[in-house]
Amino acid sequence: MGRNLTNLPATRALGTSDPFGFRPLVMGRRSNGATVFASETCALDLIEATYEREVRPGEVVVVDKDGVQSFCLMSHPEPKQCIFEHIYFALPNSVVFGRSVYESRHAFGEILATEAPVDCDIVIAVPDSGVVAALGYAAKAGVPFQQGLIRSHYVGRTFIEPSQKIRDFGVKLKLAPVRGVLEGKRVVVVDDSIVRGTTSSKIVRLIKEAGAKEVHMRIASPPMIGSCYYGVDTPSSEELISNRMSVDQIKEFIGSDSLAFLPMDSLKKLMGDDSHHYCYACFSGKYPVEPRKLKVRGVGDMMDDGPVEPRELKVVERVGDFTHYGLNGSVDPIDEGWVQGPWIKKVEKVADFR
């Protein structure tokens, strides 16, 4: 499940969003009148387009020679927008689900400084996604923010690499400690999340090898205990360290002097009246659309040494109780309202992989 955007050159463009609105999709307009779609508002800034609105959950927007029309072709329950967009995925200069990503992450850091304070000399970030939260922590704690880790922008994300050997090497290529900043200091390190824990352990070791006196990890999200089934290539739940260990056990595993996560209650409180419109499944294990598991061969296993065994891979096979087969019958355009599309078949099983 997630957004789907299809372009049909010279005829029309379609912008669609899934019925829960898990992923953001926005509409904008260029100075020549052209309507454009993007996953983040920062993309509109690049092409000098003006933001108009988000594509609503369950909505299909049709742009053609007659203008822009909006249709509702599927049920649209209460939105369940991905909270991880504000924690990690989106760029800080975007507005996602009506909120500034920068302001959200800065507030995450402030909450950590308030609820998990520690005596320290400097605050650093795991770049790039931890930077804004680290700035918030430093501002609230009254401690200098320093650039203690330098990131190479020629290396991709390490948490989704298929092999642990590749992930380990990727961390070394991706991050380099600055000894002059870290040596002899009590350091607070702010990161957006801990997934398997292996990357965090290597970061802690890098910082200590650079001469840091103490390393205190602060994580700008709650512990991740569930895999994502809604369009994100996250590890299986069994691989998530917070699903297997307590906070104290994770602290020992990664080798930090202390460890604290953003409390779930504080995260929801920050979201205010919109808190119930977000999906927290990766932190709670409670899924808006209950997934199923299938026994399949993991693609990433091909990268490991030795033979592979079939394993459980998190796949979405069920996106709801109903599916809609094409555009049967008439569908009326909507204006400040919704039109219910026809439902024609109840689905027990969408896919059967071997």
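Being a predicted model, the structure only gives us computed values, none of them experimental. (Residues numbered from 1 in each chain as written. Predicted model: local features only at pLDDT ≥ 70, side-chain atom pairs only at ≥ 80, totals over all residues. Heavy atoms only, no water.)

Undergrad: How do you make sense of the overall build of the protein when you look at a structure like this?
TA: Counting its secondary structure elements, the protein contains 10 helices and 21 strands. Counting the 354 residues in the protein, one finds 47% classified as buried. When contacts within the protein are restricted to residue pairs at least 6 apart in sequence, those whose partners lie at least 24 apart make up 65%. Per element, the accessible surface of the protein, about 17,700 Å² overall, is 52% carbon and sulfur. (Helix = DSSP H or I, 4+ residues; strand = E, 2+ residues; numbered from the N terminus. Buried < 20%, exposed > 50% of the residue type's maximum accessible area, 1.4 Å probe, protein only. Contact = heavy atoms within 4.5 Å. Areas by Shrake-Rupley, 256 points an atom, 1.4 Å probe, with all protein chains shown as cover.)

Undergrad: What's the story with the nonpolar core in this structure? I'm lost.
TA: By size, the foremost hydrophobic cluster in this structure holds 45 residues, and its most contacted members are I83, F84, V123, Y230, L267 and F283. Contributions of two or more residues to this core are made by α2 (84-89), α3 (101-115), β11 (122-125), α4 (131-141), β14 (186-191), α9 (264-271), β17 (278-279) and α10 (281-284). Broken down by element, the residue count for this core peaks at 5 residues, all from α3. With sequence-adjacent residues up to four places away left out, V123 is seen in contact with A134, Y137, A138, V143, P144, F145, Q146, V188 and V190. Judged by nonpolar contacts, the second largest core, of 23 residues, contains I122, I124, V189 and V204. (Core = buried A, V, L, I, M, F, W, Y, C linked by side-chain atoms within 4.5 Å.)

Undergrad: Where do I start with the packing of aromatic side chains in this structure?
TA: Centre distance and the angle of the planes are the two values used to describe a pair of aromatic rings. Taken as a whole and judged by the stated rule, the model has 9 aromatic pairs. Ring centres of F20 and F22 lie 5.4 Å apart, and the angle between their planes is 25 degrees; this geometry places the pair in the stacked category. Taking relative accessible area as the criterion, F22 reaches 1% and is therefore assigned buried. Ring pairs connect the aromatic residues F20, F22, Y229, Y230 and Y287, which therefore count as one cluster. Cation over ring: K268 sits above Y280, and NZ or CZ is 5.0 Å from the ring centre. (Phe/Tyr/Trp six-rings, centres within 6.5 Å; stacked < 30°, edge-to-face > 60°. Lys NZ or Arg CZ within 6 Å of the ring centre and 35° of its normal.)

Undergrad: Please clarify how α4 should be interpreted in this entry.
TA: Given 3.6 residues to a turn, an α-helix orients residues that are three or four positions apart in the same direction. All of the buried residues along α4 are V132, A133, A134, G136, Y137 and A138. Those residues of α4 that are buried are in contact with α3, β11, β14 and β15 (214-219). Phi turns positive one or two residues past the end of α4, at G142, with a value near 70 degrees.

Undergrad: Even after reading the chapter, I still don't get the packing of α3 against α9, so can you show me in this structure?
TA: For any two helices packed against each other, the geometry comes down to the angle between their axes and how far apart the axes lie. It is at 11 Å that the axes of α3 and α9 come closest, and there the two elements cross at 140 degrees. If you check the angle between α3 and α9, you find them oblique. Where α3 crosses over α9, the two elements pack in a sense that is right-handed. Residue-level contacts link S104, A107, F108, I111 and E115 of α3 to S266, L267, L270 and M271 of α9. Across the contact of α3 with α9, the residue classes break down as 6 nonpolar, 2 polar and 1 charged. (Axes fitted to C-alpha atoms, helices over the stretch in contact; angles between N-to-C directions. Parallel < 35°, antiparallel > 145°, perpendicular 65-115°, else oblique. Left-handed = near helix turned anticlockwise from the far one by under 90°. Nonpolar A, V, L, I, M, F, W, Y, C, P; charged D, E, K, R; others polar.)

Undergrad: Please clarify how the sheet that holds β11 should be interpreted in this entry.
TA: Across a sheet, paired strands are connected by hydrogen bonds in the backbone, their directions being either parallel or antiparallel. A sheet is described by the order of its strands in space; here 4 strands give the open sequence β11-β14-β15-β16, paired in parallel fashion. Every interior strand has two partners, whereas the edge strands, β11 and β16 (258-261), have only one. Across the sheet, the axes of successive neighbouring strands diverge by a mean angle of 20 degrees, strand direction being ignored. Across the sheet, α4 lies against β11, β14 and β15, angled at about 165 degrees from β11, the strand it touches most. With respect to the sheet, helix α7 (residues 198-209) is in contact with β11, β14 and β15, its orientation differing from that of β15 by roughly 150 degrees. (Pairing = 2+ DSSP bridges.)

Undergrad: What is the right way to read the confidence of the model for the protein from this model?
TA: Fine structural detail should not be taken from predicted coordinates in areas where pLDDT scores are low. Looking at the protein as a whole, its pLDDT mean stands at 80, while 74% of the residues score no less than 70. Across residues 294-354, where pLDDT falls below 50, the model places 97 contacts with residues more than four positions away in sequence or in other chains. (pLDDT = per-residue confidence, 0-100.)

Undergrad: I keep staring at empty space enclosed by the protein and nothing clicks. Help me out?
TA: Considering all chains together, one arrives at 1 cavity of 30 Å³ or more under this definition. Each pocket or cavity is described by its volume, and for the largest cavity that value is around 160 Å³. In this structure, the largest cavity is lined by 17 residues; those nearest its centre are R23, C82, F84, C228 and C282. Class assignment of the residues belonging to the lining of the largest cavity gives a composition of 13 nonpolar, 3 polar and 1 charged. (1 Å grid on protein atoms, 1.4 Å probe; cavity = no way out; pocket = protein on both sides within 12 Å on 5 of 7 lines; lining within 4 Å. Points joined across faces, edges and corners; volume = space filled by probe spheres on them.)

Undergrad: Looking at this model, I keep getting lost on unusual backbone geometry. Mind explaining?
TA: Leaving glycine aside, a negative phi is the common case for residues, and trans is the common case for peptide bonds. Cis geometry is found at the peptide bond from P127 to D128, where omega equals 0 degrees. Its identity as a non-glycine residue notwithstanding, E48 has a phi of 55 degrees, on the positive side. Tracing the chain through its elements places E48 in the loop between α1 (41-46) and β5 (50-54). The class of E48 is exposed, set by a relative accessible area of 70%. Positioned with a positive phi, F97 is a non-glycine residue whose angle comes to about 55 degrees. Owing to a relative accessible area of 9%, F97 belongs among the buried residues under this scheme.

Undergrad: Could you clarify how one ought to interpret the environment of V62 in this entry?
TA: Along the polypeptide, V62 turns up in strand β6 (residues 59-64). Remark: the alpha-carbon pair of V62 and T16, spanning 46 residues in sequence, is separated by 8.8 Å. Other than its neighbours up to four places away in sequence, V62 contacts R12, A13, L14, G67, V68, Q69 and F71.

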